[in-house]
Amino acid sequence: MSTMYTPSAMSLLLVATGAFLLVQGLRLSRNIAKARATGLRVVVTPLLETQVLAQLVTPFLRALYSTHLDAGKGWPRWCRFMIKDWSWEDKRFAHEEYGDTFICVSPEGMICYSADAALAWDVMNRRYDFTKPRDKYKILEPYGPNVATAEGAEYRFHVRITAPAFSDGNGINNLVWDETMRQTRALLREWAKGSPKDIREDVNALTLAVISLAGFGRKLESVTEQAKDIPTGYKISFLRAISDTTTFMLAILVFPAWLLRISPYAKAELAHSQLDKYLRQMIRAEKKKIEDGLGEETKGARRNLLNMVVESSYEAGQEEEKRHAAERDKSVRKHAFTEDEVMGNLFIYLLAGYETTANSIAYGLIVLALEPDLRQRLSESIASVWSRAVAQGRKHLSYQDDFSELQYLYGFMYETFRLYPGVTLITKLCHQSQEVLIENTSHILPAGCRVYLSAPGVHYNEKYWENPTELRPERWSESRKAATVAADKTRQMRGTLLTFSDGARVCLGRKFAQAEFMAFFAALLHEYEVCFAEGTDVEQARRDLSWKSSGKVTLAPLQHFQLKLKRREKAA
Ligand code: HEM
């Protein structure tokens, strides 16, 4: 009698594992061959930071290597490129080992990391050759493509309508400045009653209030007052909707609404759907005003991103309609935004503009607590601008008159942006093979290769910044006045400052963020000094600031810094 052989579960598992390893091995060797053909240094990693598994293990690795990071050693080699946004904590360790530009390969694909300013400049300016990677940006499209995620003709359409709202000429940055000053003064009044409980939380609330007014035309006052303000037809106040949406942004972007609703994050879904309702209602009201011919009347009033985008979209639609009226060609797209497109862009302002700015201000505060000399010089320079304003009979500083005078503060801000860049990697992808020139040698990057430009790799590079780890505001005030510098200087630097990206897809909100950062510190440091709370281990705080981040969506300092404010003795 013959016996039939039945494979055990174990042997099936072994065969499956063997097959998996074989496929992975083949894919890895194919990717290595492609990467080697570029002539660049090739580094192999088990996982790339873009892979889901890498993103899942990142928090564990962060916890596991906390002591390693604390010692200022960056990430261990074996897992470095698996860590999502590894590059800030690592600074230049990887680049010192493998060069300013190298290719990292896993079975899944390859990423060319670069800390070379010339290459960065080239890549950021070749908008059709290097685009944003779709898989990374798709998540930012809860309403469809927007100015931050679209490419090609779709992008040109979005930028034509949205970019004008951000220009100085439209008054948005004056509004940001004035509202930041007003909100900071309100905070100072609160703080004068007793030491602040959590300065960072207050700063987050302030930043939210600024984007709420400048972005959507809604003034936010004290949290307790407005949280109860719920109009008929709504379930929560506008304040609660916008603040919970920003708090739970990641969950909102990652999980579908139905799942959030039945999860412990039900609050997030409620906030998002209510904010959606508020904003749509505001967009419709704005559109109606324009259609009723009331738009002209409100032009003199202070304008915000929402009404400017609705107006510019309406005007573009009218123009296009006139142009095609004769043809009656239904296939031609009218160049006005749909309501979803307006929503998509407003949502991206909230996403791109809130956390980045709040974290930059938080970094600025911690740096000041660490550096008493810098604090002193900054306060003196700000005091002299205040004295000048007072001598001119002004009670407050203004964007128009004082921004360009606050040179030392401007330098401090740009040093903060350089050392703590909110977005650590500018991520691009080439769909077809592309030639790049690195130190006069030509290299062909294969189709599908990602090019990740490392802001820390460039910003901490001695080639571009003398004594790069030093925060020296003076670097920024060499010759020109700050106002011109604000618009132009970083552009002249050709890839050496990546905080706001550059070239074709530079940040639209850069001046918005600058106005907010400068107004906040000009108002705060006029009256207060920032210090650490008693009992802070200053050297540990320095290490925590330099080597660790809380690894959220954008770069953020660890949460535990305890700050306190001391009234300045001689405020002008
Ligand atoms: C310190 C604060 C800020 C930093 C560090 C920052 C940084 C950046 C960076 C690096 C990019 C390019 C991202 C990429 O290539 O994918 C970007 C794009 C963008 N930012 Fe900002 N940003 C800040 C504030 C703001 C503010 C306040 C707003 C609006 C209110 C804003 C709106 C945008 C938009 C709309 C884009 C997309 C531009 C495009 O793709 O053409 N940002 N930002």
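Residues numbered from 1 in each chain as written. Predicted model: local features only at pLDDT ≥ 70, side-chain atom pairs only at ≥ 80, totals over all residues. Heavy atoms only, no water.

**Notes on the coordination of the iron atom of the ligand**
Alright, step 1. Here the protein supplies the iron atom of the ligand with just one donor, C507 (SG), and that contact is 2.3 Å long.
Alright, step 2. By the secondary structure assignment, C507 is in the loop between α24 (482-492) and α25 (510-527). (Donors = N, O, S within 2.8 Å, 3.2 Å for Na, K, Ca; no water. Helix = DSSP H or I, 4+ residues; strand = E, 2+ residues; numbered from the N terminus.)

**A closer look at empty space enclosed by the protein**
Alright, step 1. Summed over the entire model, instances satisfying the criterion amount to one cavity of 30 Å³ or more.
Alright, step 2. Volume-wise, the largest cavity comes out at about 50 Å³.
Alright, step 3. Around the largest cavity, the lining residues are R127, Y128, F130, T131, K132, E151, G152, Y155, K428 and R505.
Alright, step 4. Where the lining of the largest cavity is concerned, the elements lending two or more residues are β4 (130-131) and α8 (152-162).
Alright, step 5. For the lining of the largest cavity, the per-class residue count stands at three nonpolar, two polar and five charged. (1 Å grid on protein atoms, 1.4 Å probe; cavity = no way out; pocket = protein on both sides within 12 Å on 5 of 7 lines; lining within 4 Å. Points joined across faces, edges and corners; volume = space filled by probe spheres on them. Nonpolar A, V, L, I, M, F, W, Y, C, P; charged D, E, K, R; others polar.)

**Let's talk about the site of the ligand**
Alright, step 1. Around the ligand, 25 residues are found, and the nearest of them are K132, Y137, Y155, R505 and C507.
Alright, step 2. Here an oxygen atom of the ligand and a side-chain polar atom of K132 are 2.7 Å apart.
Alright, step 3. Looking at the shell around the ligand, the elements with two or more residues in it are α18 (339-353), α19 (355-370) and α25.
Alright, step 4. In terms of residue count, α19 provides more of the shell around the ligand than any other element does, three residues in total.
Alright, step 5. Taken together, the residues that form the shell around the ligand break down as 16 nonpolar, seven polar and two charged. (Near = heavy atom within 4 Å. Polar contact = N/O pair within 3.5 Å; in protein donor to acceptor, adjacent residues only side chain to side chain.)

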